[in-house]
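Chain residues, written in single-letter form:
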Amino acid sequence: MSKLINNSNFKEDNSHNKKAYEFIDRHLPVTYVDLTIAHIIKKGQRAPTKALIRNVRNKTIFRNDILLALVEVAYENKQAIEKIKLLTSEA
């Protein structure tokens with residue numbers, strides 16, 4: 001694995017970025033990498049590497065397009081969990 005250099009240009013003072021990472025921390029599934037790649041491909045974009053997705057997730061690299069895909073995957077996971085809770089509570 002390569003040595004990572006922290007991006008000194010990353011600014012967490014952007015409230016939308018901070019909220020996005022908080023949402024990801026709460027709702028992103030463990031298997032987020034392949035789901036994020038599939039989500040990006042579905043949009044018609046070129047697939048990023050798995051390492052790039054992990055680096056965006058760990059705030060090492062900042063890319064809005066990948067951050068958006070991570071938030072969307074986390075949102076879909078949240079909806080799935082809520083639907084499972086709803087369906088199992090009726091049983």
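As a reminder, the structure under discussion sits directly above these lines.
Residues numbered from 1 in each chain as written. Predicted model: local features only at pLDDT ≥ 70, side-chain atom pairs only at ≥ 80, totals over all residues. Heavy atoms only, no water.

### Examining the packing of helix H1 (residues 15-27) against helix H4 (residues 64-89)
Here's step 1: Where H1 meets H4, the axes come as close as 9 Å, and the angle between the chain directions of the two elements is 40°. The angle between H1 and H4 falls in the class oblique. Relative to H4, the crossing made by H1 is left-handed. Contact with H1, carried on its side by Asn17, Ala20, Tyr21, Phe23, Ile24 and His27, involves Asn64, Leu67, Leu70, Val71, Ala74, Tyr75, Asn77 and Lys78 of H4 and no other residues of that element.
Here's step 2: Among the residues making up the contact of H1 with H4, the classes are represented as 9 nonpolar, 4 polar and 1 charged. (Axes fitted to C-alpha atoms, helices over the stretch in contact; angles between N-to-C directions. Helix = DSSP H or I, 4+ residues; strand = E, 2+ residues; numbered from the N terminus. Parallel < 35°, antiparallel > 145°, perpendicular 65-115°, else oblique. Left-handed = near helix turned anticlockwise from the far one by under 90°. Contact = heavy atoms within 4.5 Å. Nonpolar A, V, L, I, M, F, W, Y, C, P; charged D, E, K, R; others polar.)

### Regarding the pattern of salt bridges
Here's step 1: Under the definition given, this model contains 4 salt bridges.
Here's step 2: Put simply, Lys43 and Glu72 hold a salt bridge, and the shortest N to O gap is 3.0 Å. With a gap of 29 residues between them, Lys43 in the loop between helix H2 (32-42) and helix H3 (50-57) and Glu72 in helix H4 connect regions that are remote in the sequence.
Here's step 3: Relative accessible area serves as the criterion here: at 39%, Lys43 is assigned to the partly exposed category.
Here's step 4: The partner of Arg63 in a salt bridge is Asp65, and the shortest N-O contact between them spans 2.8 Å. (Salt bridge = Lys/Arg side-chain N within 4 Å of Asp/Glu carboxyl O. Buried < 20%, exposed > 50% of the residue type's maximum accessible area, 1.4 Å probe, protein only.)

### Structural notes on H2
Here's step 1: Restricting attention to buried positions, one finds in H2 the residues Tyr32, Val33, Thr36, Ile37, His39 and Ile40. End-on, the buried residues of H2 take up no more than an arc of 160°, which puts them together on one face.
Here's step 2: Its buried side turned inward, H2 meets H3 and H4.
Here's step 3: Residue Gly44 follows H2 closely and has a positive phi angle near 90°. (Arc of directions from axis to C-beta.)

### Focus: the nonpolar core
Here's step 1: Counting 18 residues, the largest nonpolar core has Leu28, Tyr32, Ile53, Val56, Ile66, Leu67 and Leu70 as the members making the most contacts within it.
Here's step 2: Looking at this core, the elements with two or more residues in it are H1, H2, H3 and H4.
Here's step 3: Here this core gets 6 residues from one element, more than from any other, and that element is H4.
Here's step 4: Residues contacting Leu70, with those up to four places away along its chain left out, are Ile24, Leu28, Tyr32, Thr36, Ile53, Val56 and Arg57. (Core = buried A, V, L, I, M, F, W, Y, C linked by side-chain atoms within 4.5 Å.)

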